[in-house]
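In case you want the letters, here they are:
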Amino acid sequence: MHTDTHLFTPDYDVADLDYAAALRADSQPLDQSVRDQAAHWVQRVRDNASDEGPVASLLQEYNLSSEEGVALLCIAECILRIPDSATVDSLLQSKLSGLDWRAHSGRAESWFVNASTAALLVTGKIVTPNPKGAWNSLVQRVGEPVVRVMVRKAVAVLGGQFVYGRDIKAALKSAKKEICSFDMLGEAAMTDADAQRYLRSYHDALDALCTQPDQPLHQKQGLSIKLSALHPRFNPHQKDRLDVELYPRVQGLVIKAAQHNVPLCIDAEETERLLLQLDVLAKLAHDPAITPSWEGLGLAIQAYHKGAQQTVDFVADLARDSGRRLLPRLVKGAYWDAEVKRAQTLGLDSYPVFTRKADTDLNYLICARKMMEARAVMHPCFATHNALTVAAIAALGSDGYEFQRLHGMGESLYAIAKPKVGVRVYAPVGPHRDLLAYLVRRLLENGANSSFVHQIADDDIPVGAICQDPLNDTSRAMHAPHDLFGARTNSLGFDLDRAPHLARVQAAKVPAVTTVDTSASEARAALERAHGAFGSWNGAGFETRSQILLAAADLLESHTAEAMQLLADEGGRVLADGLSEVREAVDFLRYYAMQAATMGAVKVLPGPTGEDNHYWVEGKGVFLAIAPWNFPLAIFLGQVSAALVAGNTVLAKPAEATPRTGLWAVGLLHQAGVPRDVLQCLPGEGPVIGDALLGDSRIAGVAFTGSTATAKRINIQLAQRDGPIATLIAETGGINAMVVDSSALPEQVTRDVIAGAFQSAGQRCSALRVLCLQEDIADAQIEMLTGAMQELRIGQASDPSTDVGPMIDAKAAAGIRRYLSAIDANGAQLLAETPLGVFGDDPRYVAPQMWRLADNAMPDREVFGPVLHIVTYQSDQLQATIERINDLGFALTAGIHTRSDLRQAQFARSIHAGNVYVNRNQIGAVVGSQPFGGHGLSGTGPKAGGPLYLTRFIQERTQSTDTTAAGGNAALMAGG
């Protein structure tokens, strides 16, 4: 019977501590003999510290808790890919200046570490800036080329220590005395061209490995492959493509490996890809085209994952079911920081991984015991540098398995432990410049203070402490993702890559909402009711209103799936965008409720004796909230909730394209306790409602999000009326730019540009409109972006496989097409376009596309759709490029990708933007973390979701009382 991966559903949607408690209950205390053996090995490693390899020595000297370690990490990550001298100089000046390299001089046992320190010490002196211009004078004497060459060579040497060989032939030559599993360097493919290149690399490696002499499988050199390197869309929502496009690529590699009896391991990936890996593994195990007797098919299993035990059971069952002995590889885990961040970003109710190292160690030992018990159907491989783990596994058996270690690490441990089974080396292979992402992950994984690699050589840590049974560890687990913001509960999200979560969304129905346009007379009647309700609502107090908002947040959160379906149906929001919008709305409700809860107290102000001074705040009156169609729930509820909690009554005007979402949201607020006259929804035509209300002096303020032109018209209408001066809060979009220099990682830039420019079909006020590329890397970056754009899937908003959905309506799409025709006629160059496929005839769809305007020009207006403009600049033109962006007059969002701290600071200091983003995309601002809003042509401020937003919805009151009129200051007289 074929193993069904759909039965594999790791259940980690429980509190982290509860899961850990169950884990500890299943664990067995380690025998004292195991701990004694480990302690003996650790002490011998310390006594022979000079025998440790250069990589481990470097990690020990420059751990990630030091500024020098972080600087070294950054330089190694990027310097070899930088083609121009100016960017190298900026990087070195920013990373090496002012750091204490002298403190590391001569301390290490390794000549390699000391030589590296000496080079950095000299270089650090050269690049240290000071007010007297020593930088310029020293560079003139020594020469910038000398500095650049010195550091490039130092990093190349560093790369040589981490990489086993530049190519497979060199690696095989180095491996004469070791058994290896070669990892051909490369991360997840961004384009199909990347995937084809990695596929060729794997085939070339296998061709070389297939020439090995005929010998037992476990004595032969092997290969590790990453499935994400073989397809640019290796994610659950593209599974139909993976079955057709990915599997044949993997199958071809495995058939070749099986024919020549070469071990091949499917390497570790992030949690969301686990079920896809298991699906591929199951197909391979049952594939009749693959030599049935071959026992070399493996999978890396990450013990920090809460589903690791189930994965081990799955692999064992698969081996029994298929009749094929498998070769699983147990590791601690390589993506911990990314897994934790993803869970926090998604607002999951727990982490998919353990957040205590001790729990990972316990899970590893439980998994190891399971694997050892299943040796009849598998040959376990245990990858570890932990002496206690090695001792514990060795105590379980003396044959039928192997240990593994990373190249450059754990050498002295295994030399001393002398296990009775083989020790295979996991060996990265590739050019030094391809080592960048691998190096960062290895350093993060093994250079942190909590890692065994770091602790084993640290004499300040007692041997007994690092050989302690993890069952006795008392450290605290990390707070759950929903506790990220402390007192304010983080909004709860779904993981749409997990079938149970996605099924919950797909099972939800679109809420039934009927809308009727509001007439001018109905709008005026609503204003009358709101004006009459202001006194009682304002008098209810901040605490009461805060509690109502918190109840509304809980109510909305409980209807997340229905809200997502409504947003997809009415607003064309793809599921992921709809989920983030619901969560943002929940966050607005809770954030403003928490702020308001502290605003109600009357404050006593200082003054002379005989006088009492009191201060308090209250609402202003009736607010008109005008929301846009592109965020018809989040911005709508953000405006409404801020006005309400401050004590105002609200007339809420949803966008003409999305009235049902607004009406539904208002219904939830009424259900939570907001009186109907206090909050009224007015769907209908903007001019009709605006003309009826904006001239009325009873409108105390307007909260508006939309175009700059409309905001100006509202401002004029408010200014021309009689009566009090009204408040206007406007957020109005922008021509948002991102600058990319030659130190940026192209894959990271590509991910962030694709998201920023084309997510939500470019229909975000924060969306990336202009990409400014340093000319040295522009062609290569455009090529990668072009390939990534070809992989985007156009589709219906409710389809989970859709990357880019429709425009809001055919009228908006037609406007984008007219703009494209106009720039094409004026000499613009179309650089790339995503195929629309079957949606080419649908008038609501516009293909994501990338253009370069004639004469390297900037666009002259905001283009609200999936259109990206490319501008290039010389490396010495960064400031001029910033000024070109500023000259556009907008000031909403801006971003920069650079590894130079100096350029980051220059950009943040010079750019006119309300939100500046460094080395990330510029969309998806989080309430309370990235308050959102601009100035100039982009709005009035204050920022939504920030500490000052509520201040625009309140008015201040003070009362001063002369107490001498009533007999004087009683407290003063009593004290006398």
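Residues numbered from 1 in each chain as written. Predicted model: local features only at pLDDT ≥ 70, side-chain atom pairs only at ≥ 80, totals over all residues. Heavy atoms only, no water.

J.: Looking at this model, I keep getting lost on the packing of aromatic side chains. Mind explaining?
T.: Each aromatic ring pair is described using two quantities: the centre-to-centre distance and the angle formed by the ring planes. What the rule picks out here adds up to eleven aromatic pairs. Here Phe382 and Tyr401 contribute two aromatic rings whose centre-to-centre distance is 5.7 Å and whose plane-to-plane angle is 65°, an arrangement assigned as edge-to-face. Taken together, the residues span a long stretch of sequence, with Phe382 in strand E6 (residues 381-383) and Tyr401 in the loop between helix H16 (387-394) and strand E7 (402-406) at a distance of 19 residues. Under the relative-accessibility criterion, Phe382 is labelled buried at 0%. (Phe/Tyr/Trp six-rings, centres within 6.5 Å; stacked < 30°, edge-to-face > 60°. Helix = DSSP H or I, 4+ residues; strand = E, 2+ residues; numbered from the N terminus. Buried < 20%, exposed > 50% of the residue type's maximum accessible area, 1.4 Å probe, protein only.)

J.: Hey, could you run me through the sheet that holds strand E1 (residues 179-184) in this one?
T.: Strand pairs in the sheet, formed through backbone hydrogen bonds, run parallel or antiparallel to each other. Sheet architecture is closed into a barrel: eight strands sit in the order E1-E2-E3-E4-E5-E6-E7-E8, paired in parallel fashion. For this sheet, the mean inter-axis angle between neighbouring strands, taken without regard to orientation, is 25°. In terms of strand pairing, strand E5 (residues 329-331) meets E6 through two bridges, oriented parallel. Paired with Leu330 across the strands is Phe382, a residue of E6. Packing against the sheet, helix H10 (residues 192-209) makes contact with E1, strand E2 (222-225) and strand E3 (264-266), and its axis sits at approximately 170° to E2. (Pairing = 2+ DSSP bridges. Axes fitted to C-alpha atoms, helices over the stretch in contact; angles between N-to-C directions. Contact = heavy atoms within 4.5 Å.)

J.: Just to check I follow, could you spell out the confidence of the model for the protein for this structure?
T.: Low-pLDDT portions of the prediction should not be read for the details of their coordinates. Considering every residue of the protein, the mean pLDDT works out to 90; 88% of them sit at 70 or more. In this model, residues 122-138 is a region of pLDDT below 50 whose contacts with residues beyond four sequence positions or in other chains number 29 contacts. (pLDDT = per-residue confidence, 0-100.)

J.: Can you help me understand the pattern of salt bridges in this one?
T.: Pairing between side chains becomes possible if they bear opposite charge and their charged atoms approach one another. Applying the stated rule across the entire model yields 45 salt bridges. Note that Glu557 is salt-bridged to Arg590, the shortest N-O span being 3.1 Å. Pair noted here: Glu557 is in helix H23 (residues 542-558) and Arg590 is in helix H25 (residues 575-596), with a separation of 33 residues, a long-range link. The same class applies to Glu557 and to Arg590, which are both buried. In this structure, the salt-bridge partner of Arg957 is Glu618, at a minimum N-O distance of 2.9 Å. Pair noted here: Arg957 is in strand E25 (residues 954-962) and Glu618 is in strand E10 (residues 611-619), with a separation of 339 residues, a long-range link. Accessibility expressed as a relative area gives 37% for Arg957, which makes it partly exposed. (Salt bridge = Lys/Arg side-chain N within 4 Å of Asp/Glu carboxyl O.)

J.: Just checking my understanding: could you explain the nonpolar core for this structure?
T.: If you look at soluble globular proteins, the nonpolar side chains tend to sit buried side by side. Of all hydrophobic cores here, the largest spans 96 residues; its most connected members are Phe182 and Phe382. Of all the elements, helix H11 (residues 239-259) adds the most residues to this core, at nine residues. Every residue in contact with Phe182, bar those within four places of it in the chain, is listed here: Tyr164, Ile168, Ala171, Leu172, Ala175, Leu209, Gln221, Gly222, Leu223, Ser224, Ala427 and Val429. Residues Val617, Ala643, Ala652 and Ala665 belong to the second largest nonpolar core, which totals 67 residues. (Core = buried A, V, L, I, M, F, W, Y, C linked by side-chain atoms within 4.5 Å.)

J.: Is there a simple way to think about empty space enclosed by the protein in this case?
T.: Over the atoms rolls a probe the size of a water molecule, and in doing so it shows where empty space is left. Scanning the model with the defined rule gives eight cavities of 30 Å³ or more in all. Of the pockets and cavities examined, the largest cavity occupies roughly 120 Å³. What lines the largest cavity is Ala268, Glu269, Glu270, Thr271, Leu274, Gln277, Ala300, Ile301, Gln302, His305, Ala308 and Thr311. Contributions of two or more residues to the lining of the largest cavity are made by helix H12 (274-286), strand E4 (297-302) and helix H13 (308-322). At three residues, the largest contribution of residues to the lining of the largest cavity is made by E4. Of the residues in the lining of the largest cavity, the class split is five nonpolar, five polar and two charged. (1 Å grid on protein atoms, 1.4 Å probe; cavity = no way out; pocket = protein on both sides within 12 Å on 5 of 7 lines; lining within 4 Å. Points joined across faces, edges and corners; volume = space filled by probe spheres on them. Nonpolar A, V, L, I, M, F, W, Y, C, P; charged D, E, K, R; others polar.)

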